[in-house]
Every structure is written in C-alpha cells, then in structure tokens.
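One letter stands for each residue in the lines below.
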Amino acid sequence: MADQPVLSVCNLDVTAHLPSGDAPVLSDVSFDLATGEVLGVIGESGAGMTVLSRAIVNWLPNPLAVTKGEILFYGKNMSTMSQEEARVLRGKEIAYIGSDPTTALDPTVPIGQHLVSKLMAVSPELSKAQARQRILDLFDAVRIPSPKARFNEFPFQFSGGMMQRVMIVDALSADPTLLIADNITQPLDVTIAKQIVRLLNGLRDDFDTSIIFVSASLPMACDISQRLLVLQKGRVLEQATPQTLIDTPQTNYSRRLIEKVPRIWEVDHIPSASESQRPILSVRNAAKTYHTKDHDKVFGTQAVKAVRDVSFDILEGENFGIVGESGCGKSTLSRLLSWIEAPDRGDIFFDGKSISAMSAKEIKGLRCQFQLILQDPYTSLPAHMTITQIIGEPLIIHRLASGKALRERVAEVMQEVGLALDTGDKLPFQLSASQRQRVNIARAMVMKPRLLILDETLSSLDQLEQARLLELFDKLQAEHKFTYIFISHDLALVRRACARIGVMYLGRMVEIAENQELFFEPRHPYSRAMLSAMPTIEKNRYDAKTHLLDGEPPSPVDIPSGCSFRTRCPNAVEACKTLDPTLRTNGTTLVECHLYEVSVQETQSA
Amino acid sequence: MEKEKAHFWHTVNGRMLSTAWKRPGFKLGLFVFVFLLLMALILPALSDVSATKISVRERFLPPVLMGNANTAHLFGTDQLGRDLLLRSLVGLQNALLIGVLAVVGMFIFGAVIGIVSGYRGGLVDTILMRITDAQMSIPVVILAITILGVARPTPFSVIVVLVLAGWPTYARVARSAALSESKKEYVRAAKIIGASNLRIMARHIAPNILPPIAFIGVLDVARMMIFEAIFGFIGIGIQPPTPTFGNILADGTKYLINAWWITVIPGLFLFAALLSLNSIGNALEKARNDVFGGHS
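Residues numbered from 1 in each chain as written. Chains lettered and ligands numbered in written order. Predicted model: local features only at pLDDT ≥ 70, side-chain atom pairs only at ≥ 80, totals over all residues. Heavy atoms only, no water.

Participant: Can you walk me through the overall build of chain B in this structure?
Facilitator: A count of helical and extended segments in chain B gives 11 helices and zero strands. Its helices and strands in sequence order give chain B the pattern α-α-α-α-α-α-α-α-α-α-α, from N to C terminus. Based on the C-alpha atoms only, the size of chain B along its principal axes is roughly 75 × 50 × 30 Å. Within chain B, the fraction of its 296 residues that count as buried is 47%. Considering only residue pairs separated by 6 or more positions, chain B has 73% of its internal contacts joining residues 24 or more positions apart. With an accessible surface of roughly 14,500 Å², chain B has 70% of that area assigned to carbon and sulfur atoms. Across chain B, the mean location of the 26 positive side-chain charges is 6 Å away from that of the 15 negative side-chain charges. (Helix = DSSP H or I, 4+ residues; strand = E, 2+ residues; numbered from the N terminus. Buried < 20%, exposed > 50% of the residue type's maximum accessible area, 1.4 Å probe, protein only. Contact = heavy atoms within 4.5 Å. Areas by Shrake-Rupley, 256 points an atom, 1.4 Å probe, with all protein chains shown as cover. Lys, Arg positive; Asp, Glu negative; His and termini not counted. Charge placed at Lys NZ, Arg CZ, Asp CG, Glu CD.)

Shown next as structure tokens:
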C-alpha cells in the first residue's frame, strides 16, 4: 500500500458547458500524491485551483464536468464512481475544507452537535459519548481553548480562525487519508494563518494524512508543501519542490508569481525620515470605549475598550504607518484621527491646536486640512452621483469654488491622480476598483489638505496597482508636501511605504520605531511574532518556532491585568501580571514592555 | 444628454423601470390609466353637457346599449337626470386628485420623519417612532369621522385626513432603509469631507432610498381612491352636488333594482382605474423584487 500513491490524477480535463459553447477550465492536469505528502497548488485567482480541488472530491457544480482523464484514489477511478460511492468516500476518506468557514455551519445548531452528527454518520459504530469524546480530543489537538465550553457554543461565537479550526476538526474527525485545503488561510490574519499552517503540519506528522494545499499565496504554500504545482489557466506549468521553484523557476509565469511576492527584508528603497521635527498631528492619551449590550445579562452593557491610552506624534511631511491585526483598534484609531468620533479621554492636536477645544465650525474648517481615505472602493462612493459631482462635493460644502472654477479644479485634480477626463461623467459602478480608489484620493485632495490618513486604502488592490498608487503618493507628496498616515494590516506595504511605524495590539501602541529598526531589530515580542508570521519567500529573520504566538488576542471586553500582551507573550515574567508597562524610549524607538525596560536600565547602569 | 440616459437605465431605478416595462401588466395598466386620465381631464371640459345640471325629463335613462335612443347620454342618467359618464369622470378627477396628493403628502411627511429618525438614531429615533406607533394605532375611518365630522369636508381636509392616516407606514419603511444606509461607508466618507447632517440626509441618503419607496406609492394611490370613495359613501367626503364615486354610489343604491346602472357605471370606472393602477404598482413591485433579489 505504501508505494501506491494515495491519489493520482491523469490527464484531467474539466469543461464548462456554457450556453455560448464549451470552455475548458482544466486541461491535461496530471500529478501523484504519496502518503503523508503535502502538495501545494498555486496560481492566480481564476487559474482553476478551486475547480481542481472540487473535481478531486467529485463535487463539481453545474455547468462544470470532467470530460477526459481520470482521478484514481488508491487505484479506484473516482470520476466514473457512482454518486453514492463518491459520497461515502468523500465523508470518510477524503476531507475538504473550504475558504469561507464562517458560513459553513448552520447558525442555529451548536458547534459540537454539528461535528458529532457528522462523525456518527461516517462511523456508525461509535456511541454518542465516544463521538463526543473524540471531538473533544480533536478540539484539543487543534488547540481550541476550553474545548468543553466551546463544544456547546454556536457558530457566531467563533472567530474566523477558530471556525477554521472547527472545520479542520470536522475534516479530521473521520480520520481521512486525504485532506484538501482549499485556500483555507485566505480570510485570516497572518499570525492566525501561520498558526493554522503550523497546525496542519503537525497533524500530517501525527496522522500521516496526505494534504493538497491550494493557495493563492506562494509563500504560504512554500511554507507547508513538499512539492508545488503551478497552475495557469487550467494547465500545470511546473512541478517542483518549493526551493527549486524559487531558485530556478522554469517558466515566465512562475517567475512573475515569485516577483509579485512582496519582499520584507530585501527592499532596496524605503522612504526617508522627515526633515522636519515639527509634529503636525499629536495624539495624547487618546482612549475610546464602546458600550454594547451584554447578552449574558438582562440589563447591563459591556465596555469594549477599542483604543486605550495611545500617544504619538506625526511629523510634518513624513509617512507614518500603523500596523496591527484585526480587532486591535486600528479602525477606531482612524476614526479618532479623522475626528469622526471624539475620544473619551485624551486629546488630539493638529498643528499644536487641541481639536476637542474647537467649535463645530472650526472643526469643519479643519476638515480641509486633514482627510481620511477609506478602505472599500466599492461602498465609499455615493452610487448615484457622477465622478465630477463626487470630487467636486467638498468644494461645494466648504464653499471653496463654484461654477467654472469648480469644474477646472476637479479636472486638475483628476489629471493629478491619473483619471482620464472622460470618466468625469461616469458613475462609480462603471469604474474599476483602482479607478474608484483614485476617485477617493481625488475627493480628498481637492481641498488641498496637509495630512492624508489612508485606512487600508491599498489593501483591496493587487500588487501592481498598489505599487502604482504608492508611486502616485510619492509624486503628490513631492509636489504638495503631504503627510501620510498608512493604517494597514499588511507589513509588506508599510515596509515599502512608511518611514516610521507604530505597532498596535489590543488598543495600545506597543512599539513605535523607524522602518529599518522595526524590521531588523524589533523590540516588542509582538512585533517579532508578527514578523515571524509574515508569509515570505525570503529567509524569515524571525523563526516562527520561537516567536510565533499561540491562541488569539483576548477580547477587548476583558483585557488582561498588567501588560495586556502577557497572556500570549513567550517571555512574560511575574511583573507583567500586575504592572502595566508604559512606552519607553531609547531615542528613536518607543517600546511598551517590561523586559525592554529592564534591558534599558541595565545598559544605563552599565 | 445621450450619456445621461445610458446612465439612468443602469441605475437601480432605471433597471426597475425597464424590468417593469417588460411585464404586460405594466403596459396594459399604463394604457388604461392614461386613457382614463385623458378622458377625465378633457371630456368634462369639452362637453356641453353638465355633470351637475338637473333635468327631470331625462331621469333614469338607461345606457345607450340598453336601447336608449338619447345619444347625448351614452352611459345613461341618474335619478335627477344628470349624465352618468360625466359624473363618473368628474368623480374620477376628484378621486385621482385626492389619491395622488394624499400619497405625495404622506410620502414626503413620512420620508422626512423616517430619514431623520433612522439617521439620527438614539432619543430622536425613539420619540419619532413612538409617535408613529401611536398614529398607526388609530383606525382610518374613526379618524376620518372625527376630523371630517368636526371640520367641513373639503378636498383639502380629506387629503389631510388621509395623509395623517398614511404617513406612519412610509416613516417606518424610510427609517429602516435610512438606518442601514447611514452605516454605509459613503455616509462616513461624506462626514469626513465635512458634509452637514442635513446635506447627508438630503443629498446622499434620500436619493438612495426614496425611489423604490415611491414606486410602491403607486399602489397606495389606488388605496387612497378607495378611501375617498368610502368617505363619500358614508357621507363624510366631498359634499354634493360635486360628484364623487362615493356619493354617486350612495345615491344609486336606493334605485338598485330599477336603475342598476346608476351604481354600476361609476363602479366600472372606479374598478378600471383601480385595476390599472394596481397592475402598474404590482409590476413595479415585482420589478423591484427582481432587481434587489438579483443582488443579495
């Protein structure tokens, strides 16, 4: 049995039978998969990766159908198998995990019940108690904390990362010999994605499961796979080990894929620090707490501490980056910075003037000076207005121009951001994502602001467009002396775009450092953990084994006492439990960590 | 200008209209309605027969099709010898005037309350919505008897009663749409560029949520016409001698056995008008479901 491949796919063709004629989706795909092997399948979206993984489990939706070739599972041909046989095989031997875990389960049924009924369906010999025990063991194996309590919780109580673990438990409960992971890390934060990959690796070692890991992210696939399959437009271009593929790619397509992966450490150009030392925006002890209904009590609310005591300065003309994972308070901070919401405590100073002390009229005037550009290019533009109307609206609101002057100013700005003039009469739905993002930028720029806050503005765009817009930002900065704040979860982006970077964790700024410092000598354990989790094809300077964290960030409703990071910190000491660290500086870098304080004191006394 | 048109058919409203146009019910309804409307507007003005002039010699004339030789009264006459066709058409004029103005009134009033309530939220929302609830709990006919019994029933007061009774529904629908709309990114974007609340409500939220509600308003015109007829029937509508569907029908019921056409002729006009309006409204609502159903 051992030398027979678990799965062999020979000359597989999948065709879409469309009314307009047959269109090939996969053509001539062949590969073998050995026991305990991990095969990575990579390519761009639309390359047929999901179709391939669905074809293997005999689960192709209409109008797709296998037209040629065969899929052999331990020598049995699956494409000619009856639906019934395939169904049994799919539940028992082959497991499939999709990319959207949050909608995979019935929201009205507790998680545990889902898993137990699935397990009992595939292994009828088990009693209910045995099945329950097995699921609980697996919860433990995939590191779901307090498995007994979570067993009875409902899907909506699980985060994306936890849900993906549940799906893995669901897949593993039947002890499959083949696991197909279709883009499972896509919706997750990097550290969580890395944890899932690490988990899959461990499971393969423990259970000897063969895995097909489909991913659009080359570094992620390289990380886990022993062999990579490069797909383009339904054809296999290349099969190689990750190392050979990266070192000596055989096709232009693979070379392009490799080039597209952002580099973290091997960057030739990073933005230089600002010459000015004058802060344009100063945040002083800003805090924001939201009160939401507590569902465990009849009356009563719970306090979500979204931003806690954040202080930093942004210097005139610099590019400042704020990074952190979902739920760390980035978006709340962006709302505070752009003064859509006022902080509960603390204050923000623009140009040395306190914003909270200003009148509504002064704040309205101030809006011409700083602008926030939102994340989603699809929903942030009013659908019923033409592009010219959208870009011109701020001018009307602030009575800066009207009539001919307005049209001229709009045309001028459109030219500056690289929008063709004939887009002016179009509606937002007629534009591409990057054009819309340019409209957003133009709308902000039309008032000639001094500070632009970019809240994940570039994250919905692909690498190429990101690079083009970054170039545009550079050009505009040179012309208009803009100051930028990039708020992002993407370390590679801030590495390329920012001179100084602040790292956020649970509503606190845990480290503020210059670009080079942060990436080469991060002081805070969380910064190191984020770096270690970065999917990259370079050698990661920070090994995930020593730096990656377990678990997920605690809920902002109850934040751990002392240092909020201590529950996940690999080097936490006794003092971290009681004392809340403050930002300490060594001149350029600010760090919020007791361990770092100790080392500063040591160097000072030495 | 050509471009503007192309845009329009791609917007939600444009797509709704073009989808509705594809339904036969919409075209038929529109044709019948426009025909009736033109008749109601033109015929009473051109004809030398009066709708209110009493002529005792010509009373109880049956319609021409029933063997009546007097071609001046195609649809016959009533108990006082007044021409039924003209009376019905004037009645239709009144019914349409009241129906359309009442719907426009309740639409505007309800939309303003609803948008303010949904956008501002909090205490404003609570207060406005409790007022809405209170208003909704009063039955229309009771309200009408109270107000029209005290005040003189004029077209204006009938419209006021109908607006008072009808606005809460519009307020509720507008509120829920405004509530979900006000959480969208483009509203945040508008706040960032410094737009005032009034501007956000009028310029950003209203154009997005009102057109679909307005389409549904077509169905309500028919409903308001029925109410107008009910008021006339029970004697609290526009007062005689001005003909309305309600008072013609009420008079006609006395002669139902011998001169059934006095009730049937205006009844047919009312029926045709309501049917055409309903099939237009129905097609619009179906189209709305198609357009929105395709989205989510």
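Having seen it, we continue.
Participant: Where do I start with the side chain of A:Asp182 in this structure?
Facilitator: Residues and elements named next belong to chain A. Positionally, aspartate 182 belongs in strand β7 (residues 178-182). Comment: no salt bridge for buried aspartate 182; closest opposite-charge side chain is arginine 54, at 5.3 Å. Within the structure, the side chain of aspartate 182 is placed 3.3 Å from the side chain of threonine 50, a separation counted as a polar contact. Not counting the four nearest positions on each side in its chain, aspartate 182 is found in contact with Thr50, Ser53, Tyr96, Ile97, Gly98, Ser99 and Val214. (Salt bridge = Lys/Arg side-chain N within 4 Å of Asp/Glu carboxyl O. Polar contact = N/O pair within 3.5 Å; in protein donor to acceptor, adjacent residues only side chain to side chain.)

Participant: Please explain the nonpolar core as it appears in this structure.
Facilitator: Generally speaking, nonpolar side chains in soluble globular proteins are found buried as a group. One finds A:Ile391, A:Phe486, A:Phe519 and B:Met225 to be the most contacted residues of the largest nonpolar core, which totals 140 residues. Not counting residues up to four positions away in its chain, the partners in contact with A:Ile391 are A:Val410, A:Met414, A:Leu419, A:Val439, A:Ala442, A:Arg443 and A:Val446. Of all hydrophobic cores here, the second largest spans 56 residues; its members include A:Phe139, A:Met162, A:Leu172 and A:Leu218. (Core = buried A, V, L, I, M, F, W, Y, C linked by side-chain atoms within 4.5 Å.)

Participant: What should I look at first to understand a nonpolar patch on the surface in this one?
Facilitator: Residues and elements named next belong to chain B. A cluster of nonpolar side chains, Trp21, Leu30, Val34, Leu37, Leu38, Leu41, Ile42 and Leu46, forms an exposed patch at the surface whose accessible area comes to about 720 Å². When residues of the nonpolar patch are assigned to their parent elements, the largest contribution, seven residues, is made by helix α3 (residues 24-46). Relative to the elements of secondary structure, leucine 37 occurs in helix α3. (Patch = residues over 30% accessible without salt bridge, like charges linked within 9 Å, V, L, I, M, F, W, Y side chains within 5 Å.)

Participant: How do you make sense of the confidence of the model for chain B when you look at a structure like this?
Facilitator: In low-pLDDT regions, the fine details of the predicted coordinates are not to be read closely. Residues and elements named next belong to chain B. Within chain B, residue pLDDT values average 86, and 94% of them lie at 70 or more. Counting interchain partners and residues more than four positions distant, the pLDDT-below-50 stretch residues 1-5 has one contact. Under the prediction, the complex receives an ipTM of 0.73, its pTM being 0.76. (pLDDT = per-residue confidence, 0-100.)

Participant: Honestly, the pairing of strand β16 (residues 370-373) of chain A in this entry has me stumped. Any pointers?
Facilitator: A regular strand places its side chains so that they alternate between the two faces of the sheet. Residue and element names in this part refer to chain A. Taking every second residue as pointing to the same face, both faces of β16 are buried, with Phe370 and Leu372 on one and Gln371 and Ile373 on the other. Of the pairings in the sheet, the one linking β16 to strand β17 (residues 451-455) comprises four bridges and is parallel in character. When the bridges of β17 are listed, phenylalanine 370 appears paired with leucine 451. (Pairing = 2+ DSSP bridges.)

Participant: Would you explain the packing of aromatic side chains in this entry?
Facilitator: Between two aromatic rings, the relevant description is the distance of the centres plus the angle of the planes. Residue and element names in this part refer to chain A. Across all of its chains, the model carries 18 aromatic pairs over all chains by this definition. Considering the side-chain rings of tyrosine 484 and phenylalanine 486, the 5.8 Å spacing of their centres and the 55 degrees angle between planes classify their relative orientation as tilted. Each member of the pair tyrosine 484 and phenylalanine 486 is classed as buried. Pairing tyrosine 505 with phenylalanine 565 gives two aromatic rings, centres 4.9 Å apart and planes at 90 degrees, and the pair type is edge-to-face. Pair noted here: tyrosine 505 is in strand β19 (residues 500-505) and phenylalanine 565 is in the loop between α20 (544-547) and α21 (575-578), with a separation of 60 residues, a long-range link. According to the relative accessible area criterion, phenylalanine 565 is buried, its value standing at 2%. (Phe/Tyr/Trp six-rings, centres within 6.5 Å; stacked < 30°, edge-to-face > 60°.)

Participant: Explanation requested: the sheet that holds strand β10 (residues 235-240) of chain A in the structure shown.
Facilitator: Sheets are built from strands that pair by backbone hydrogen bonding, the pairs being arranged parallel or antiparallel. Residue and element names in this part refer to chain A. Strand order in this open sheet of six strands is β6-β7-β8-β3-β9-β10, and the pairing throughout is mixed. Only two strands of the sheet have a single neighbouring strand rather than two, namely β6 (94-97) and β10. Averaged over all pairs of adjacent strands, the angle between strand axes in this sheet comes to 15 degrees, irrespective of strand direction. Relative to strand β8 (residues 210-215), β7 runs parallel, the two being bridged by five bridges. If you follow isoleucine 180 over to β8, its bridge partner there is isoleucine 212. Sitting on the sheet, helix α7 (residues 190-207) touches β3 (38-42), β7 and β8, and the angle it makes with β8 is about 160 degrees. (Axes fitted to C-alpha atoms, helices over the stretch in contact; angles between N-to-C directions.)

Participant: Sorry if this is basic, but what is going on with the pattern of salt bridges here?
Facilitator: Here the idea is simple: oppositely charged side chains can pair when their charged atoms come close. Scanning the model with the defined rule gives 32 salt bridges over all chains in all. Two residues, A:Asp351 and A:Arg450, come together in a salt bridge whose shortest N-O distance is 2.7 Å. Of this pair, A:Asp351 sits in the loop between β14 (345-350) and β15 (353-354) while A:Arg450 is found in the loop between α15 (433-445) and β17, placing the two residues 99 residues apart along the sequence. Of the charged contacts, one joins B:Glu181 and B:Lys184 as a salt bridge, the two residues approaching to 3.3 Å between their closest N and O atoms. Connected via shared salt-bridge partners are A:Arg278, A:Glu316, A:Asp351 and A:Arg450.

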